[in-house]
Every structure is written in C-alpha cells, then in structure tokens.
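# Survey of secondary and tertiary structure
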Amino acid sequence: MKIHEFQAKKIFSEYGIPIPRGDVAKTPDEAKAIAKKLGGTVVVKAQIHAGGRGKGGGVKVVKTPEEAFQAAKAIIGMNLVTHQTGPQGRKVKQVLVEEGLAVEKELYIGVVIDRAQGAPVIMASEAGGMDIEEVAAKTPEKILKVAVDPATGFTAYHARKLAYGLNLNADLIKKATPFISSLYKMFLAKDASLIEINPLVITKDGNLLALDAKMTFDDDGLFRHPELKELYDVDEQEPLEVEAGKYKLNYIKLDGNVGCMVNGAGLAMATMDIIKIAGGEPANFLDVGGGASAEQVENAFRILLSDKNVKVVLINIFGGILRCDRVATGIVEAAKRIEMKLPMVVRLEGTNVEEGRKILMESGITFEVATTFEDAAKKVAQLAKA
Amino acid sequence: MSILINKDTRVVFQGITGSEGSFHAKQCMEYGTKVVAGVTPGKGGQRFEEKIPVFNRVIDAVEKEGANASCIFVPPAFASDAIIEAIDAGVDLVVCITEGIPVLDMIKIKKYLAGKKTRLIGPNCPGLISPGKCKIGIMPARIHLEGGVGVISRSGTLTYEVVWQLTNRGIGQSTCIGIGGDPIVGSYFTDLLPLFNEDPQTEAVVIIGEIGGTAEEEAAAYVKAGFKKPIFGFIAGQTAPPGRRMGHAGAIISGGKGTAAEKNTAWKTAGIHVETNPAMIGEMVASVLKKK
C-alpha cells in the first residue's frame, strides 16, 4: 500500500526523523493560512501517489501567503501528469505547504527488502535529488548499501558506515546516526516494504532533514497495523481494481481489448503472454484465485466487462480444487444475468471438465469452447481483430 | 526414488481441524500419503476422520507418531510461529501452503533455517507431489503421472498446466514442487536442482519462473556450472507492466530488473531449453527427450 508524502512525513515525525515545518491544505485558503503561519518562502507540493511531480508542474516555490493561495489554486484540482501516472494523469486533491529551506547539499537514503539477501537493506548516496534508479544503473559505485541481519538488528556501526561513506562532517555524523537508526526502526515497526527520502538535505545552517518522503507498506503486514488503514486513499487507485478487491479478486487493468479471467496468478500471467503471442492484446490481469466461488466468478465477470475497451473475453480455468462444473455454472449464471453480448472463448481443464463443458454447451449461450490453451489464445485473438 | 518425499514420508498437518486443512488432509490421505497426525493447539486428544490423532504440539506428533514432514494450513498471522515450531520439532521437511505471510516474518524464518536440517517449501505454494508415492499439498492429483521429469515452479495453476501438458504426452514426473510466489521463500531453484541432479529417477527437469527477483538468474548460474540433465524453462509475465504486483507479491519488476526478457536470456545462455509460448512447454520437452 502506498501513502502520500504528508502522511509519510507525519509517521517520520512520530519516529523523531526531522522534516520541514508545514501542513496539508485542501483549499487555497488553507494553503494561504499555513504559509502565513510559516512565514517567508514556502513550497506548495501536489499530493499524489507518483513521483516526478516537479516536472509536471505540481511543485511551486512562492514568497508570500497570497502567492501560496494562487499556487494552491492552480495545483488543487489539476490533472497532474508525470512519468509515473501514465498519460491520463492523476487529479490533485490536496497540497503540502512547507517552509522553504536553504539547501547546502542533496543526498539520498532509502530502505528496501533485498530478496536475494533475504534482509532489509539501507541504501544511501551522495547523488541525491536525482532519479535513483538511473544512478543505480549508470554509476552503481555511488550507492552505499548495508544489509541488516534480523538476529543482530541495526547497530551504530551500520549508521557510521553510511554516514562516513556520505562524506559528512563530524557535526552531521552525530545527527545522521540517530536519523538512520530511527529510519530502520520505523521500517520494521510499520512492516514497510520501501522507504525513500530523495532528497535528504543538508541545510546551510547544518541540519539534516527529509525534504521528501515516500513510504510503501507490505500488504501482507497490514493486518497488524490498524492505524495504517485510514491512510489508504481510494481515489489514488484504479476504480475497477478497488471494486475487484472487495471480492478478493486480483485485477489489474491494462490497455488491450481481450478481457481475461484466469485462476491463479502464474497461469493468469501466462495467459496474458499467450494472448500476445497469438497477436492479441490483454485488457487486464484477473486472478479469481485457486478456489473461486460462483459468486466470485460472477463479480469477476462484471468487473471485466465494465472496461469498455474489452471486445472479447477469454476464460481460462485449470480446475484443481476448483471444480470445472462449478465454474461453468457460475459463468452461465453470470452471463445470463448481465445479458452478455460480447463473444466469449472458454477453456476449461482439470477436475470435472466434462461436466463443465456440458453445462456450457447446454446453457443456450453462445460460447466458443476451446480445447487447449493454444486453441483458446488463437480463437480470442481472431475474434478481437474481427 | 524421487526427491524430498516418498512412500515412507510421515506427515503431520498443522491446522488439520480448519476447513482448508481438513479438506486437503483428506485429499492427501486418499492419494496414499501417510498422514500420521494433526496439530491444532487446544484440540489435542481428538481424532481426525476417527483415526488420525490430533495433538496440541508438533513435537508430540514427531515423538509419538514418527512424523518427519509437516504441512501447514495456518492463517498468516500465526504461520511463522507454526513454521518455527515445526523446525524446532526436527521434521526434515516443512511445506507451508499459507498465503499472505508478512515479508518481515519470512526474513526471520529464513535466517532461522540456516544451519538447521529442516527444508522449507513455500509459503504461498501448492506444495509438492511425487506421483504414485506421496502428495503434500493442494494440487489435483489426477493430472500427474509417475515418471522421470522433475518440475520446479513459482506458480500454482501454471504448474498444473505444464504437468498436464507432460502427462498428455505420456511424460511422467518424478517430483513436482511449487516453491511459492512470495518475495522470500524457503527453497529456491538452486536449493532443489542439486537434489534432482543426484536423483536416479529424474531424467530431465522443467523449471517455471516468473518476473521479479533474481531466483531465475541464480538458477542459470547453477545450471551452467554443472547440471547434468536436460533442463527446460518458461518465464511467466513477458507482457506484465513494470511495478505492478501480479497476484504474487514476488512478481514485481522493480527498477527495470527481473524482466522476463533478462531471465530468458540468462537461461538460454546457461543451456536451458527455453520456450516463450506457455502452451508449447510439453511439446518442447517431448521433442528433445525423443531425440535422446
């Protein structure tokens, strides 16, 4: 789960990680009031779950409360397009108004899970304020890494290794040690999967602050963090994906026109792959789970079809525990209820496949029944082109 | 022979009284698996299906019934505790079916396993089967055929698809293992390939990978260094958009790394027969093995 910058910064401050003074505003008047309280130069930052906000015109530096009002007026309600939002952009609902800082140097620090090492890894770099993935690809030597063993936990040496590696002076090293320690503590305490501060800034008066804040949580860890649930912003999600989540369906919208419904994530990915190989374009990833109920199948159908790009539907079910006759019944009932008009290709395999196919054939609804995986992909690709 | 499990494997089901646990314990018993005990804390003393003893602790199943493998059907909040209990009870193999265990819990488990004799398969996996001998997991038994091809996969239903393609061509399997789709799992390709390398029943191996992580690249390095048998591979997620979680928490392409294209190249370079069409995997195995 992703959260907004202002929400992440609030958690940062609970853990004693220094952040600029500021507050979030939903209206230009609120922004003006915050700017007045802060005094001097302020930064008005659009709050959306995507990076690259500055380049897209979502960040403005202003000198007076009146200018803060104007900046907030321009940003709130705008459709902000960045390299991470896709061409459709994201509507901005709120802005973070923060004190402007005199920055001496920009750094980078982050914590992620390294799958290969099976440990959280803290990364730091003097190349702050840039696209860190690009830094990692072009100049990997500029990124310092420290893996933390869960048995020994985080130690002061870890912080020293990074702080000295960042070429900080003696005074800043004293500040960096508790900063990094808190960052790691927060990562564990909140079941985070990613924390990034880019840039981490050294100000001209010698302080170390998190100028930006990005925090993502492990979805599987959320059950032990009821306090994080209220940070979920439904408006930042694809509406169909939200709807799918209600029925425990795993749905991801894509750009093609072949809607697909598959049981199991791996098979769903392979189904997308084979559609493409056959010359079609998948409209979505949809996993109804290994044991989908008839009700889930029906809801999956409804969600799939509410994507207006979908021209043809492919259902690929490998029944294991999930029996094919049960899936077939679900498909038929749902198709009748929603008065399905699009062509459908159904490929069933596995437990009770004969009964399943029979139910489809005798339903009175026109299905193209595919016999193999390959056959299914070819049939939908043809129908999509027709 | 087969790897990890055979006719003599004695299995305890942790969470046997739950709806999923009891259903699959019964299915495994029907297949012929020696399910010797169940564990549900607080329900010790009961009998499962009127014959299998239920204990409060895994250690009792080990000491009294000689259990040497455990299959875990425990909700995510309690699953890491259940895995540690099984490791401490000294079983050789733990198969964790549970989906949704927090990554930080798995990091601790992974470290705890180091230096211990227990092997963990999963979590978030369908389990494993040595056709004709033993099944510990949730896969449909009837699609399998006893034979000489080992299968290792990060996916569930896609494994069924591949196994079915093999079985339909008369190609049987020695052991099929679903290692799980989570970012951190107990066993990776590189942990299991050496076992297939030494197993006399196994003549060839199929590995099914996924986008995300580096498990496939590590497998490539291992194969290149000295895997003796014909090996085949498929990577799911060639068309997946970057940065999205495709059902499996592990299936995220981060920072341009872990793409299907990179993994395919690594496998080909290592001498693995690679197929990009998921419907043609069985055909590829059949054509290569026939030439031998």
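Residues numbered from 1 in each chain as written. Chains lettered and ligands numbered in written order. Predicted model: local features only at pLDDT ≥ 70, side-chain atom pairs only at ≥ 80, totals over all residues. Heavy atoms only, no water.

### A word on the overall build of chain B
Regarding its fold elements, chain B presents nine helices and 14 strands. Relative to its full complement of 292 residues, chain B shows a buried share of 63%. Put simply, chain B shows about 10400 Å² of open surface, and 51% of that area lies on carbon and sulfur atoms. Averaging the coordinates of the 31 positive side-chain charges in chain B and doing the same for the 28 negative ones gives two points 3 Å apart. (Helix = DSSP H or I, 4+ residues; strand = E, 2+ residues; numbered from the N terminus. Buried < 20%, exposed > 50% of the residue type's maximum accessible area, 1.4 Å probe, protein only. Areas by Shrake-Rupley, 256 points an atom, 1.4 Å probe, with all protein chains shown as cover. Lys, Arg positive; Asp, Glu negative; His and termini not counted. Charge placed at Lys NZ, Arg CZ, Asp CG, Glu CD.)

### Some words on the nonpolar core
Among the nonpolar cores identified, the biggest contains 169 residues, and A:M215, B:I136, B:L193 and B:V206 are the most heavily contacted of them. For this core, the element with the highest residue contribution is helix α6 (residues 170-189) of chain A, accounting for nine residues. In terms of nonpolar packing, the next biggest core, distinct from the first, is built from 34 residues, A:A283, A:F301, A:A335 and A:M340 among them. (Core = buried A, V, L, I, M, F, W, Y, C linked by side-chain atoms within 4.5 Å.)

### Some points on the confidence of the model for chain B
Confidence in the prediction for chain B averages 92 pLDDT; 94% of positions are at 70 or higher. This complex was scored by the predictor with a pTM of 0.91 and an ipTM of 0.88. (pLDDT = per-residue confidence, 0-100.)

### A closer look at the environment of B:E217
Residues and elements named next belong to chain B. Within the secondary structure, E217 is located in helix α7 (residues 215-226). In this structure E217 comes out as partly exposed when scored by relative accessible area, which is 23%. In this structure E217 touches E262, K263 and A266, once residues within four positions along its chain are discounted. (Contact = heavy atoms within 4.5 Å.)

### Concerning the sheet that holds strand β14 (residues 273-274) of chain B
All names here are of chain B. Here we have seven strands laid out as an open sheet, ordered β9-β8-β11-β10-β12-β13-β14, and mixed in their pairing. Looking at the sheet topology across the chains shown, the edges are occupied by β9 (134-137) and β14. Sheet topology note: the strand β12 (residues 204-210)/strand β13 (residues 231-236) ladder contains six bridges and is parallel. In the strand pairing of β13, V205 is matched with I231. In the packing of helix α8 (residues 260-269) onto the sheet, the strands contacted are β12, β13 and β14, and the crossing angle to β13 comes to about 175°. (Pairing = 2+ DSSP bridges. Axes fitted to C-alpha atoms, helices over the stretch in contact; angles between N-to-C directions.)

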